[in-house]
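Structural description and commentary
Residue strings, one per chain:
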Amino acid sequence: VNECFEEFEDLITTHHDRERREAERALADSEVRWRSLAEESPDLLVLLDSNFDIQFINYTLPELPPEQVIGNPVSRYLPDDDRQRIMRVLETVASSRRPAWYETSYLTPAGEIVFFESRVVARIVDDTVIGLTIHARNIGERKRAEDALRESETRYRRLVDSSPDAIGVHVDGKIVFVNPAGLRLFGADRPEQLLGRDAFDFIEPDFRQQSRERVRKMLEKDWIAEPFNVRGRRLDGNVIEVEVHGR
């Protein structure tokens, strides 16, 4: 009986050892895959412990090797102007367990400003927050595109506002924009007198059907209308002759 019991214990021990080795091997494989993905990622990945000290970072600046960063508080590497704001975000994520986003910028030693958009997520084990994960993406290209768009819109707005010709935009027949020359043409003192109103209300009834048809063609066929003359009506009721260009 003792021999059978000993054999049974050996079987149990061997089975448990095999399960342990398989679990350790699976964990090691998982860690290798995760580290490979993290190190090859173009985005910045940072793991923080519950004290907001850095446990892992996939890349840093050339003059600052990762091994010099690991174990240090993340606050040490945040921009001075943004440090308090970002730390409040981290604290809020840790306490609320809800993800959050923030943007920040860094000045590199080369004098380049780098913009990052970061997502922060709490890491939870057994209902306890054990740390945070920060996933930061370089959004410099997007920022430059947004800046270029704003500059283009500013130049366009200046051009439209300074135009001696009346320029207006309507959507589904409702006026959504009119430049200063348009205000003067229709006798308005401020945009609110025209915005939201039906554009065709300012066209004499005899010309409305023709105008609606031309707008329909432009919308359906991307048709550029030839200039045409209509009679318009100002806010004070006076009738005016207008040459219309539309697209």
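All values reported here derive from a predicted model rather than from experimental measurement. (Residues numbered from 1 in each chain as written. Predicted model: local features only at pLDDT ≥ 70, side-chain atom pairs only at ≥ 80, totals over all residues. Heavy atoms only, no water.)

**Some details on the packing of aromatic side chains**
- Taken as a whole and judged by the stated rule, the model has 2 aromatic pairs.
- Their ring planes at 80° and their centres at 5.9 Å tell us that Y106 and F116 sit as a pair that is edge-to-face. You can see Y106 sitting in strand β3 (residues 100-107) and its partner F116 sitting in strand β4 (residues 113-125), a full 10 residues away along the chain.
- Taking the relative accessible area as the measure of exposure, Y106 reaches 27% and is therefore partly exposed.
- With a relative accessible area of 12%, F116 lands in the buried category.
- Summarising the aromatic geometry, the rings of F186 and F202 are spaced 5.5 Å apart at their centres and angled 65° between planes, so their arrangement reads as edge-to-face. Taken together, the residues F186 in the loop between α5 (180-185) and α6 (205-221) and F202 in the loop between α5 and α6 connect sequence positions 16 residues apart. (Phe/Tyr/Trp six-rings, centres within 6.5 Å; stacked < 30°, edge-to-face > 60°. Helix = DSSP H or I, 4+ residues; strand = E, 2+ residues; numbered from the N terminus. Buried < 20%, exposed > 50% of the residue type's maximum accessible area, 1.4 Å probe, protein only.)

**Concerning the pattern of salt bridges**
- Here the structure, examined in full by the defined rule, presents 14 salt bridges.
- Among the ionic pairs, D80 bridges to R83, the shortest N-O distance being 2.9 Å.
- We classify D80 as exposed; its relative accessible area is 62%.
- Of the charged contacts in the structure, one is a salt bridge between R142 and E117, with a shortest N-O distance of 3.6 Å. (Salt bridge = Lys/Arg side-chain N within 4 Å of Asp/Glu carboxyl O.)

**Digging into helix α3 (residues 83-96)**
- Between the first and last C-alpha of α3 there are 20 Å, a value that for 14 residues agrees with the 20 Å anticipated at 1.5 Å per step.
- Where α3 terminates, the next one or two residues include R97, which has phi positive at roughly 65°. (Expected span 1.5 Å × (residues − 1).)

**Examining the pairing of strand β6 (residues 168-171)**
- Inspection of the sheet shows β6 paired to strand β7 (residues 174-178) by 4 bridges, in the antiparallel sense. Bridging across to β7, G168 finds its partner in V178.
- Where β6 hands over to β7, the hairpin turn is made up of 2 residues, of which D172 adopts a positive phi near 55°. (Pairing = 2+ DSSP bridges.)

**Here's the deal with a nonpolar patch on the surface**
- Together, V169, V171 and V176 line one region of the surface with nonpolar side chains, adding up to about 220 Å² of accessible area.
- Relative to the elements of secondary structure, V169 occurs in strand β6. (Patch = residues over 30% accessible without salt bridge, like charges linked within 9 Å, V, L, I, M, F, W, Y side chains within 5 Å. Areas by Shrake-Rupley, 256 points an atom, 1.4 Å probe, with all protein chains shown as cover.)

**Section: the pairing of β3**
- Sheet analysis places β3 next to β4, joined by 8 bridges and oriented antiparallel. Bridge pairing in β4 links W101 to R119.
- Here β3 folds back onto β4, and the loop between the two strands holds 5 residues, one of which, G111, carries a positive phi near 90°.

**Regarding the layout of surface pockets**
- Roughly 1200 Å³ of volume is contained in the largest pocket.
- Forming the walls of the largest pocket are 34 residues, and the residues nearest its centre are A166, G168, H170, V244 and H245.
- Mapped onto the lining of the largest pocket, the elements with two or more residues apiece are β6, β7, α5, α6, β8 (228-233) and β9 (239-244).
- A per-class count over the lining of the largest pocket returns 20 nonpolar, 9 polar and 5 charged. (1 Å grid on protein atoms, 1.4 Å probe; cavity = no way out; pocket = protein on both sides within 12 Å on 5 of 7 lines; lining within 4 Å. Points joined across faces, edges and corners; volume = space filled by probe spheres on them. Nonpolar A, V, L, I, M, F, W, Y, C, P; charged D, E, K, R; others polar.)

**Considerations on helix α4 (residues 140-162)**
- With 23 residues, α4 should reach 33 Å at 1.5 Å per residue; the first-to-last C-alpha distance of 33 Å fits that figure.
- Every buried residue of α4 is listed here: G140, K143 and V160.
- Tucked inside the fold, the buried residues of α4 contact β3, β4, β5 (128-138) and β7. (Contact = heavy atoms within 4.5 Å.)

**Examining the nonpolar core**
- With 24 residues, the main nonpolar core has L48, L90 and L132 as its most contacted residues.
- Elements represented by at least two residues in this core include exactly β1 (44-49), β2 (54-57), α3, β3, β4 and β5.
- For this core, the leading source of residues is α3, giving 5 residues.
- Setting aside its immediate chain neighbours within four residues, L132 contacts V46, L47, L48, D49, F52, L90, V93, A94, V120, V121, A122 and R123.
- Of all hydrophobic cores here, the second largest spans 17 residues; its members include I175, V178, L194 and V230. (Core = buried A, V, L, I, M, F, W, Y, C linked by side-chain atoms within 4.5 Å.)

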